[in-house]
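Observations on chain architecture
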Amino acid sequence: AFNINKCISVFTFQKTKIGIIFIILILIISLSNNYYAQNSSDSLLSFYPLQIGDQWIYDELSISDNEIETHRWKLEVIKDTLMPNNKVYKIIDNSFSANFVFERVDTTQLRIYEYNSSMDSTDFEDVKLDFNQSPGDTLQTSFWTIIFESDSTIEYFGETHLSRTYGHLYGLAGYRDNYIKNVGLYKVTSAGDFFTSESNLKGA
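Residues numbered from 1 in each chain as written. Predicted model: local features only at pLDDT ≥ 70, side-chain atom pairs only at ≥ 80, totals over all residues. Heavy atoms only, no water.

Regarding the packing of aromatic side chains
Enumeration according to the criterion identifies 14 aromatic pairs in this entry. Aromatic side chains Tyr58 and Trp73 sit 4.5 Å apart centroid to centroid with 20° between the ring planes, which places their arrangement in the stacked category. Residue Tyr58 is found in strand β1 (residues 55–64), and its partner Trp73 is found in strand β2 (residues 67–82); the two are separated by 15 residues along the sequence. The pair formed by Tyr58 and Trp73 is uniform in burial state, with each residue classed as buried. Here the aromatic rings of Tyr89 and Tyr115 are separated by 5.6 Å at their centres, their planes lie at 70°, and the arrangement is edge-to-face. Placement of the pair is Tyr89 in strand β3 (residues 88–94) and Tyr115 in strand β5 (residues 111–115), with a sequence separation of 26 residues. By relative accessible area, Tyr89 is classed as buried at 1%. Its relative accessible area of 13% is what places Tyr115 among the buried residues. The rings of Tyr48, Phe131, Phe148, Tyr166 and Tyr179 are connected pair by pair, giving a single aromatic cluster. (Phe/Tyr/Trp six-rings, centres within 6.5 Å; stacked < 30°, edge-to-face > 60°. Helix = DSSP H or I, 4+ residues; strand = E, 2+ residues; numbered from the N terminus. Buried < 20%, exposed > 50% of the residue type's maximum accessible area, 1.4 Å probe, protein only.)

Next up, the structure:
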């Protein structure tokens with residue numbers, strides 16, 4: 001005999017089953033999109049903002065020949081410029097070295113390049129950072145050995161941030177730079193013969 005209650009129960013079960021499957025699919029798509037966003041080109045390059053008007057202010061503590069000094073320095077992206085190798089760079093005013101540096105972002109290669117007129121090359125530029133590296137990877141440039149040391153999270157400015165740390169070595173000297181996502185360089189430590197220093201970001 002036809003049982004209407006049994007029929008309704010089966011229909012309700014099938015409807016609930018379809019609903020659960022739909023929710024699971026939505027969750028999978030959401031997680032996939034989130035994973036893509038965390039690992040997309042824009043996400044990786046956001047560790048190194050380089051827009052006109054960007055500024056970073058640091059306080060440095062240095063020790064040289066047993067003398068301790070402190071001072072404040074600033075990085076500021078001034079404008080674009082076309083260099084002799086026919087590539088466009090950002091001009092960065094670096095008050096630490098009282099000099100201008102020229103850097104560009106290659107969104108295709110996921111690299112940061114720095115112009116260097118002293119290089120024996122038609123491009124006259126060198127890699128400063130390579131976001132294709134995995135933790136532990138080493139990159140040899142014309143001057144530095146760059147090591148991608150860690151990819152982690154840190155507490156900074158009272159919030160949790162994604163962080164990346166790179167070491168730049170040349171013989172027994174070198175420096176370590178630390179970046180946080182959407183902010184950029186937040187800490188630099190350097191060491192050489194009878195010299196150490198540490199700079200920390202105070203505002204950006």
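Don't stop here, the text continues.
Examining the side chain of Ser199
With respect to the helices, strands and loops of the structure, Ser199 is situated in strand β12 (residues 195–203). The class of Ser199 is buried, set by a relative accessible area of 3%. Only 3.0 Å separates the side chain of Ser199 from the side chain of Trp73, close enough to count as a polar contact. Other than its neighbours up to four places away in sequence, Ser199 contacts Tyr58, Asp59, Glu60, Trp73, Tyr186, Lys187 and Val188. (Polar contact = N/O pair within 3.5 Å; in protein donor to acceptor, adjacent residues only side chain to side chain. Contact = heavy atoms within 4.5 Å.)

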